[in-house]
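Here is what each chain is made of, one letter per residue.
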Amino acid sequence: MSLDMPPKIAPQAEARRQMEICNACRYCEGFCAVFPAMTRQKAFADGDLTHLANLCHNCRGCYYACQYTEPHEFALNIPAALAEVRADSWERLARPRALARLFQTHGTAMAALAVVALAFFFWALAALRPAEGAGFYAHLAHNTMIAIFIPAFLAPLALIALSLRDYWHEVGGGRIRLSHLFQALHAAARMKNLSGGHGEGCNFEDADRFSDRRRQFHHLMMYGFLLCFASTASGTVMHYAFAWEAPYPLWSPPKLLGIPGGLMMVAGAAGLAWLKTKADPALGAARVWGGEMAFILLLGSVALTGLALYAATGTGLVGPLLAIHLATVLVLFLLMPFSKMVHGFYRLAALVAEAGKPAPAGGGE
Amino acid sequence: MTRWPEVFDLAVVGGGNAALCAAITAAEAGAKVLILEGAPLAYRGGNSRHTRNFRCMHRGPMFPLTGAYEEEEYFNDLLLVTKGKTDEHLARMVIRASEECLPWMQSHGVRFQPSLSGTLSLSRTNAFFLGGGKALVNAYYRTAADLGIAIAYEAQVIHVHRDGDRITHLETEIAGQPTTVRARAFVLASGGFQADLDWLARAWGPAARNFLIRGTPYNRGVVLRDMLDQGAESVGDPTQCHAVAIDGRAPKYDGGIVTRLDCVPFSIVVNRDGDRFYDEGEDVWPKRYAIWGRLVAAQPDQVGYAIIDHKSIDLFMPSVFPPVKADTIEGLATQMGLDPTALRRTVDGFNAACQPGPFHPTELDGLRTQGLNVPKTNWARPIDTAPFYGYQLRPGVTFTYLGLKVDTRAQVHAAEGPIRNLWAAGEIMAGSILGQGYLAGFGMTIGTVFGRIAGQEAAAHVA
């Protein structure tokens, strides 16, 4: 830290200062869910700020529309202030916290873990090579994979569930009704909060010009990911329910879901990474930039190596590609609670919580 | 003195709503346009960046407006606030033209939102900008850039050089560098003079030095003064400005919307000496906030103190600065620099004059005091429940009325006749129509209508 940096204040204190000014203006109430939610209170408890921060999708519309950004003495930067509170909430509510702090902030830490996972799978492929099996099961037995991935998938999910319980308590979430879930899923499915309120999108990669690119790339990523997840799930069902084991032909659910899903994820990751290099880091939580970028690249790598593995079917590359692919998947699973991956869980929770809160009464000139 | 290398078809002085509407309109008609914005990029847009809505005539529902708002009703609203100080012909022209402005604004990047919380009373008459006035200003600058309009920031126009019935060039300072700007036509849209405290003090008296300026510090009226000195015809009361009561702790300039205080109807307001001086409950706040600037300006040291108690703290919009808070009236007085005995006496006198009855914060409830020299005629509840809260009030100047007189074609006139290649739009000429008072969203309407007319006329002149 250089000497001329101001003393660090808690992200909540800075966000509170900014939201109190923001709440006296309310010109931005049409952009997204944050501003109507803000009008519910005059004073902001930490939990209120956590809630607003997780509703914010960092579209930055409010920053460019704000009369009070620097050099104005009020120095508002709502997207950054909320991003700091958001990143802090994900770190604070994670367990163990130290891991979240490490992986949220440092892309290199994620890369190092990937190297470890890679080494592990090269070892596993060499040491645990099964006597029989088809396709990649010839390299690593199905049961071995299950033994590794089921705990690597479920244990992080369990940790996330514990964090979400704390989150729900912190933001004062109420009883969840089916209608709240529908409202939240409806907003998430369309990324309503990246629409800018007028449907033209964000102010993300080109200053105050609106663009829907971030929403489009995020859709590619999110729906691609869901297709890949569905692909894996369909494989599991086919394996256990129908005793139909991999490798699967092109005209089978795992491939029909997985190939488009993988392509969408690769395109989505490339687009999101590109946008991130163009966006102003000062309007986000700058300290987690590296971790966020590494997370995008990790998602892209999972998809790309999966596609490569399929393309390499029957060649000598299957072994090494399998090790690489499984390593990326393992890192993704293990880091779910400690990386940007949690954003999906927290954002959905925030949308559900918001749907359950009383309609803002508001006020204005 | 360096010369700007190009000769433009049109040079627009100013960088707010009216200037941008003029520049865009002229550029779309084929003119080569330069915008001279006095502020740096971060503060571009003049007072437009603090605005929020556009008052618009319409004969039926028209997004985002509900119902209908026809010419007669609009004009009557204007007559009411100006008490007749308007030019009916110009006013009706602006009102009629406002209807076609709304789609024009949208096609040039401005986005509207349905009226949300707290502004429903205006959902029929006023179209709200999504993100407010700065979002509108940004949209117009994007459009201007796409049209190839040249934009100079930190471009102060010092002198408009007039030769008979024509303007020949502008003497400017661009980023500190003296520069001559030549063009064939000129539009002046550089606002009023409310940020020039010396001018305000000359017009209003020395008390004006204690006023806060709600908007941009860049509206110093340099061009307006220069034109008046050259014999341009003027309009509007040179001694008057529009001032509202705002939070006394607001920045000297550019505090904008957040410095408003809506607590007055639920408070008692005392002056420096701890005495009340006007009926705080005379009418609902949207109809009274504008007179309170003047009322506070007339008090010693141009300051007032609104005092409320715990019962009322949640009845109005949050303030940008937290109120002063104390468990006793005396404690509150001390914290605010008032005489505790005097404030106690005033509060006791007021409380004793309050009558029982139903209290309705959102309507005129007739809950009035009895026997006070300065009555409170609505919402008069005793100030008796700790904690007590106080806000300092000061006059916040929004705009000035003195301006250039223009005709229906936005042309500026000298005594001997029109100046052939000079037009004006926005606050610099709004006094022609708004001679007194204010009608929410009408400044943007005048700016948009006259900005577009000035742009058309200038483009036609050079075509």
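Scroll up for the structure.
Being a predicted model, the structure only gives us computed values, none of them experimental. (Residues numbered from 1 in each chain as written. Chains lettered and ligands numbered in written order. Predicted model: local features only at pLDDT ≥ 70, side-chain atom pairs only at ≥ 80, totals over all residues.)

Undergrad: So what's going on with the packing of helix α1 (residues 17-28) of chain B against helix α10 (residues 442-462) of chain B? Residues and values would help.
TA: Relative placement of two packed helices is described by the angle separating their axes and the distance separating the axes. Residues and elements named next belong to chain B. Where α1 meets α10, the axes come as close as 7 Å, and the angle between the chain directions of the two elements is 30°. As for the relative orientation of α1 and α10, their crossing is right-handed in sense. Contacts from N17, A18, A19, C21, A22, A23, I24, T25 and A26 of α1 reach α10 at M444, G447, T448, F450, G451, R452, A454, G455, Q456, A458 and A459. Looking at the contact of α1 with α10, its residues break down into twelve nonpolar, seven polar and one charged. (Axes fitted to C-alpha atoms, helices over the stretch in contact; angles between N-to-C directions. Helix = DSSP H or I, 4+ residues; strand = E, 2+ residues; numbered from the N terminus. Left-handed = near helix turned anticlockwise from the far one by under 90°. Contact = placed C-beta atoms within 7 Å. Nonpolar A, V, L, I, M, F, W, Y, C, P; charged D, E, K, R; others polar.)

Undergrad: Quick rundown of the interface of chain B and chain A? Include the residues and the values.
TA: It is common to give the size of an interface as the accessible area lost on bringing the parts into contact. Counting residues at the interface gives 28 residues for chain B and 30 residues for chain A. Residue contributions to the side of chain B that touches chain A peak at four residues, all from helix α4 (residues 133-146) of chain B. Here the side of chain B that touches chain A is built from residues that sort into ten nonpolar, ten polar and eight charged.

Undergrad: Give me the lowdown on the environment of F442 of chain B, citing residues and values where you can.
TA: Residue and element names in this part refer to chain B. Its place among the elements puts F442 in helix α10. Take F442: there are 27 C-beta atoms within 10 Å of it, and that puts it in the buried class. Residues F442 and S98 lie 344 residues apart in sequence; the distance between their C-alpha atoms is 9.7 Å. Discounting residues that sit within four places of it in the chain, F442 has contacts with R55 and L434. (Buried ≥ 20, exposed ≤ 12 C-beta atoms within 10 Å, placed from the backbone.)

Undergrad: Can you break down unusual backbone geometry residue by residue, with the values?
TA: Residues and elements named next belong to chain B. Of the consecutive residues F63 and P64, the connecting peptide bond is found in the cis state with omega at 0°. Mapped onto the elements, P64 comes out in the loop between β3 (53-55) and α2 (71-82). The linkage connecting A386 with the following residue, P387, adopts the cis geometry, with an omega of -5°. Its place among the elements puts P387 in the loop between α9 (340-353) and β16 (388-400). Of note, K83 is a non-glycine position whose phi angle comes to about 50°, a positive value. Within the secondary structure layout, K83 lies in the loop between α2 and α3 (88-107). In this model, A175 sits at a positive phi of 50°, which is unusual for a non-glycine residue. When you line up the elements, A175 lands in the loop between β8 (166-174) and β9 (177-188).

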